[in-house]
Amino acid sequence: PDLSDHPLMKHLNAPQREAVCHAHGPLLILAGAGSGKTTVITRRIAWLIEEEGVHPGSILAMTFTNKAAEEMRDRVQRLVSVPLEQLWVSTFHSFCTRILRREGDRTPVGRDFVIFDPSDQKSLMKQVLAELHLPEKQFHPRKVLEVISDFKNRCLLPEEAREEALDPWTRKVLEAYDLYQKGLRSHRACDFDDLLLYTERLFREPALQTAYGDRFKFILVDEYQDTNRAQYLLVQHLARRHHNLCVVGDEDQSIYGWRGADIRNILDFQRDFPEAVQIKLEQNYRSTQRILDAASSVIANNSQRLGKTLWSDLGHGESIVFKLTDEGRLEAEWVVQRILELRATDAEAKVAVLYRANWQSRQLEEALRARNLPYRLVGGVKFYERQEVKDLISYLRLVSNPFDLVSFRRCVNAPSRGVGPTTLAKIEGAIPEGGTALEGLADLLRRGELKGRAQREMGRFLELFRRAAGEREAQGLAGLVRWVLQESGYLQSLEDEGTLEAEGRIRNLEEFLSAAAEAESLGVRLSEFLDRITLAADADQVEESAHLSLMTIHCAKGLEFPYVFVVGMEEDVFPNRNARETPEGLEEERRLFYVAITRAQRRLTLTAARRRRIMGTEMLGMPSRFLREIPAEALQAPIRWGTELYQAGEGVRPGSSFTRGAGGASVATELQRIRGFFDRVRAQAEEPADPSGHRDEQPEPEPESRPAAGAWPGGTRVRSPRFGRGIIVASSGSGDGLTYTVRFAEAGEKRIVARFGMLEKE
Ligand code: ATP
Ligand code: MG
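Just so it is clear, the structure is predicted and the values come from calculations on it, not from any experiment.

Novice: Explain the overall build of the protein here, please?
Specialist: Across its full length, the protein carries 26 helices and 23 strands. Expressed as a percentage of its 762 residues, the buried residues of the protein come to 43%. Across the protein, contacts joining residues at least 24 apart in sequence account for 72% of those joining residues at least 6 apart.

This is the structure:
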């Protein structure tokens, strides 16, 4: 029957309609980005309820994020007339939690279990390691937890993982796994992975499998390509009874391999359910043809795929813009400038700026803040609020002001130095009248009141701050930051940890170091630098906006925006420097780029920087190999990187610079290095001379002695959103480094960086 007039079929094309009203049996919708997979799931739920008379409580829909689940529920509710309280739309984790709260009596933790978060997990693991006499240096708690998580995602309990433990290290980890599970049990606790693991175990029992199999008559799973083994088995158990399983996915968007997602789950669906109906969706309703052309030709370079076509009738649309800027800061500023222009014509325009890794948000956040443009950081923490960044800042604060007890408390045990509450209380008790915690500590050490590890580590800690002043003089701001990172052992402890998470933290610290180098090149000193950060971290200063979202590409999965920027299109940034070492890693990066491109509805802009500070040192970037994979016709102008044409079929060829293996430097790399050197020399020659002097080693002039051009004179009455009314008493620096000393009526004297402080003349 022709259902195209049915209200639930409104606007849908024929294969979409077929999927929506598909009656019984397994259904696989394998289709490219933006072809309406999620739309079909939503409509199908509504159809089942309204047309098939299925009770909402018999339908189970699984999505990837809580936000997606919420949205799906809302959308279905708008389509149906009955209330939906009983409809199960959730993520795997929240589904499992619900099941365990009901059926948990059959698991070792009961139904009133608590859920351990990563820090609870870590402290339990530390106990376990101590009990097994495993040194944390070789068995870093987080690293061990990562391995355990991997076992759990593959549904392997300790005794079942034995076959995989071929080396002594992994065998020890298994012992730890065993003891860790016992520990969790004695706390009546689950970690996140246990939620899945236990639920999957429960459903292996025939009685429960039948009970829940009967209950959930229809199961729908979005983003099926990103399910891991445990999730896969869970779905299989539930669907075994009735086979009414509808999965949608796109193998080209599988981007969670690093977390145990198995692309084979979707590729093998037909094997699992030979009677499965497969529906292809080929029309994309999201993006213009040019954007799709770019996406298709990029992903065509992958070998692990089924291959599919996508077309759009939204017209060719705008050409894709590629912008190469000279350096990272200019890249961020360029993007912000374009957003401002957009706002001028379309105040409500929804914009997303996407990046490969979290550290990349720093310069964007700063550029946005400088222009006072509200934004939302989706699925992440603002740069200066990240734990490792705050830890490092606490060291710098303490260097700058030894009386800062809050910072002392923070950094004294980061990284862990075995300082418990008792030792800390002892130290604080020893602070002399009007003195500092460091003095108190020195006193304790002199009297030999600390013992063993604490004594050793605290001795080193104190030494760090004794030497810091000298290092600050000798090395300047960036040098000091680098020195603190190394001498504090902070970097080392993250390196020892060796987890993916630790790697992300290291990248953030490296980026912090780059921020310090950037500030130093503008003549900023430590205390000003810290002031800037305090202001940047002040959440009240910039309101949030749903119209401008910053996020990693992983977070952008399933979403769409009229305007999309993808920044950092350089080798080692995107593709990420570790990923490209294996062919699989590289293919996953390419899928990630495919996801990024296909978020764009109307306009896609790609940007890169020729030079970028990595670990505070300026490096010459190489163009991302993905740029070459974009067809010339889709681009506004041919991509040039310096003098080189960088585009499919032209210019640089595979086998030259960008396909070199990891490690061995090729001639091309060598050339690149030399070119980088000349670029740096040239850049330095071009940099305008800074009249205020550059380096920390010069004596700091009195602020009044160098009033900056264009600055408000002393005596100007100003207003700050944070501190209220005040009067300028002095100014120093110029341009981005322009800093005022302001005497506020309430808050007293503060140094305010003009660029961040949002001072207004009264
Ligand atoms: P992704 O692969 O990114 O998850 P998807 O396949 O789930 O994408 P949807 O998000 O469901 O795609 O749909 C993409 C866009 O196309 C949405 O804005 C949706 O409303 C719209 N859309 C889907 N089907 C149609 C249709 N038949 N007519 C008009 N618009 C449609
Ligand atoms: Mg979707």
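Here the narrative resumes.
Novice: Help me understand the site of ligand 1 in this model?
Specialist: Near ligand 1 lie 18 residues; those nearest to it are Gly36, Lys37, Thr38, Thr39 and Tyr285. For the shell around ligand 1, the leading source of residues is helix α2 (residues 37-50), giving three residues. Considered class by class, the residues forming the shell around ligand 1 number three nonpolar, 11 polar and four charged.

Novice: Help me out: how do you make sense of the packing of helix α20 (residues 452-487) against helix α22 (residues 500-521) in this one?
Specialist: Helices that pack against each other are described as a pair by the angle of their axes relative to one another and the distance between those axes. Here α20 crosses α22 at 160°, and the two axes come no closer than 7 Å. Comparing the axis directions of α20 and α22 gives the class roughly antiparallel. Once α20 is placed against α22, the crossing between them reads as right-handed. Residues Gly476, Leu477, Ala478, Val481, Arg482 and Leu485 of α20 lie in contact with α22, whose contacting residues are Leu509, Phe512, Leu513, Ala516, Ala517, Ala519 and Glu520. Looking at the contact of α20 with α22 residue by residue, the class counts come to 10 nonpolar, one polar and two charged.

Novice: How should the sheet that holds strand β7 (residues 245-249) be read in this particular structure?
Specialist: Strand-to-strand pairing in sheets goes through backbone hydrogen bonds, with the strands running parallel or antiparallel. With parallel pairing, the six strands of this open sheet are ordered in space as β3-β2-β6-β7-β1-β8. The open sheet has two edge strands with one neighbour each: β3 (88-91) and β8 (277-279). Averaged over all pairs of adjacent strands, the angle between strand axes in this sheet comes to 15°, irrespective of strand direction. Bridge count for strand β6 (residues 218-221) against β7 is three bridges, and the pairing is parallel. Of the residues in β7, the one forming a bridge with leucine 220 is cysteine 246.

Novice: What is the right way to read the packing of helix α21 (residues 490-497) against α22 from this model?
Specialist: The interhelical angle for the contact between α21 and α22, taken along N-to-C directions, is 150°, at an axis separation of 8 Å. Put simply, α21 runs roughly antiparallel to α22. Note on packing geometry: the crossing formed by α21 with α22 is left-handed. Across the interface between the two elements, Leu491, Leu494 and Glu497 of α21 pack against Ala502, Arg505, Ile506 and Leu509 of α22. Taken together, the residues that form the contact of α21 with α22 break down as five nonpolar, no polar and two charged.

Novice: Help me understand the UniProt feature "binding site: ATP" (unreviewed entry) in the protein in this model?
Specialist: Following the UniProt record, the feature "binding site: ATP" (unreviewed entry) maps to Ala31, Gly32, Ala33, Gly34, Ser35, Gly36, Lys37 and Thr38 here. For glycine 36, the contacting residues outside a window of four places in its chain are Gln16, Leu281 and Tyr285. Checked against the element boundaries, lysine 37 lands in helix α2. Filtering out sequence-adjacent residues up to four positions away, lysine 37 remains in contact with Ile29, Ala31, Asp222, Val248 and Leu281.

Novice: It is not clear to me how α20 should be interpreted in this structure. Could you clarify?
Specialist: Across its 36 residues, α20 extends only 20 Å between first and last C-alpha, which sits more than 12% below the 52 Å expected from 1.5 Å per residue. Bending of α20 peaks at approximately 125° at the position of glycine 476. Immediately beyond the C-terminal end of α20, within one or two residues, lies glycine 489, with a positive phi of roughly 80°.

Novice: Any chance you could explain α22 here in plain terms?
Specialist: Since the α-helix turns once every 3.6 residues, residues separated by three or four places project in the same direction. Given a rise of 1.5 Å per residue, 22 residues ought to cover 32 Å, and the 32 Å separating the end C-alpha atoms of α22 matches this to within 8%. Where α22 ends, the next residue or the one after it, glycine 523, has phi of about 85°, a positive value.

Novice: So what exactly am I meant to see when it comes to the environment of alanine 519 here?
Specialist: Tracing the sequence through the fold places alanine 519 in helix α22. The exposure class of alanine 519 is buried, given the 22 C-beta atoms found within 10 Å. Remark: the alpha-carbon pair of alanine 519 and glycine 479, spanning 40 residues in sequence, is separated by 12 Å. If we skip the residues at most four places from it in the chain, alanine 519 touches Leu477, Val524 and Phe529.

Novice: What should I look at first to understand unusual backbone geometry in this one?
Specialist: Residues other than glycine predominantly adopt negative phi, and peptide bonds predominantly adopt the trans conformation. A cis geometry characterises the amide bond from alanine 414 onward to proline 415, with omega recorded as 5°. Along the polypeptide, proline 415 turns up in the loop between α17 (405-411) and α18 (421-429). Cis rather than trans, the peptide bond between phenylalanine 574 and proline 575 has omega equal to 5°. Unusually for a residue other than glycine, cysteine 155 sits at a positive phi of about 60°. By the element assignment, cysteine 155 lies in the loop between α6 (141-153) and α7 (168-186). Residue classification places cysteine 155 among the buried positions, given that 21 C-beta atoms sit within 10 Å.

Novice: Teacher, can you tell me more about the nonpolar core here?
Specialist: For soluble globular proteins, nonpolar side chains are generally found buried alongside one another. Judged by nonpolar contacts, the single largest core of 77 residues is most densely connected at Ile29, Ile45, Ala61 and Ile219. Not counting residues up to four positions away in its chain, the partners in contact with alanine 61 are Ile41, Ile45, Met72, Trp88, Val89 and Leu220.

Novice: Got a minute to help me understand the environment of leucine 364 in this structure?
Specialist: Topologically, leucine 364 is positioned in helix α15 (residues 361-370). C-beta crowding within 10 Å serves as the criterion here: with 24 such atoms nearby, leucine 364 is assigned to the buried category. Placed 242 residues apart in sequence, leucine 364 and lysine 122 show a C-alpha to C-alpha distance of 32 Å. Here leucine 364 is in contact with Ala332, Val335, Val353 and Leu550, once residues within four sequence places are set aside.

What counts and how
- Think of each chain on its own: its residues are numbered from 1, step by step along the sequence as written.
- Chains and ligands are labelled by the order in which they are written, letters from A for the one and numbers from 1 for the other.
- The predicted nature of this model means local features are confined to residues of pLDDT at least 70 and side-chain atom pairs, given and counted, to a pLDDT of 80 or more, with totals for whole chains, interfaces and linings taken over all residues.
- In this description a helix means any DSSP run of H or I spanning at least four residues, a strand means any run of E spanning at least two, and both kinds are numbered starting from the N terminus.
- Partly exposed residues are those falling between the two cut-offs: more than 12 but fewer than 20 other C-beta atoms within 10 Å of their own, whereas 20 or more means buried and 12 or fewer means exposed, with C-beta atoms placed from the backbone.
- This entry defines residue contacts through backbone-placed C-beta atoms, with two residues in contact when those atoms are within 7 Å.
- Nearness between a residue and a molecule or strand is assessed with a C-beta atom placed from the backbone; a distance within 6 Å qualifies.
- For this classification, the nonpolar set comprises Ala, Val, Leu, Ile, Met, Phe, Trp, Tyr, Cys and Pro, the charged set comprises Asp, Glu, Lys and Arg, and every other residue, Gly included, is treated as polar.
- To obtain an axis, a line is fitted to C-alpha atoms, over the contacting stretch when the element is a helix, and the angle between two such axes runs from 0 to 180 degrees between their N-to-C directions.
- By the definition adopted for this analysis, an angle is roughly parallel if under 35 degrees, roughly antiparallel if over 145, roughly perpendicular if from 65 to 115, and oblique otherwise.
- Crossing handedness is defined as follows: a turn of the near helix away from the far one that is anticlockwise and smaller than a right angle gives a left-handed crossing, while the clockwise case is right-handed.
- When DSSP locates at least two bridges between a pair of strands, those strands are taken to pair.
- UniProt positions are given in the numbering used here, feature names are shortened, and annotations may be inferred rather than shown by experiment.
- Expected helix span is computed as 1.5 Å times (number of residues minus one).
- The quantity called bend is, for any residue, the angle between two axes fitted respectively to the seven residues ending at it and the seven beginning at it.
- A set of buried residues qualifies as a nonpolar core if it consists of Ala, Val, Leu, Ile, Met, Phe, Trp, Tyr and Cys joined through C-beta atoms within 7 Å.

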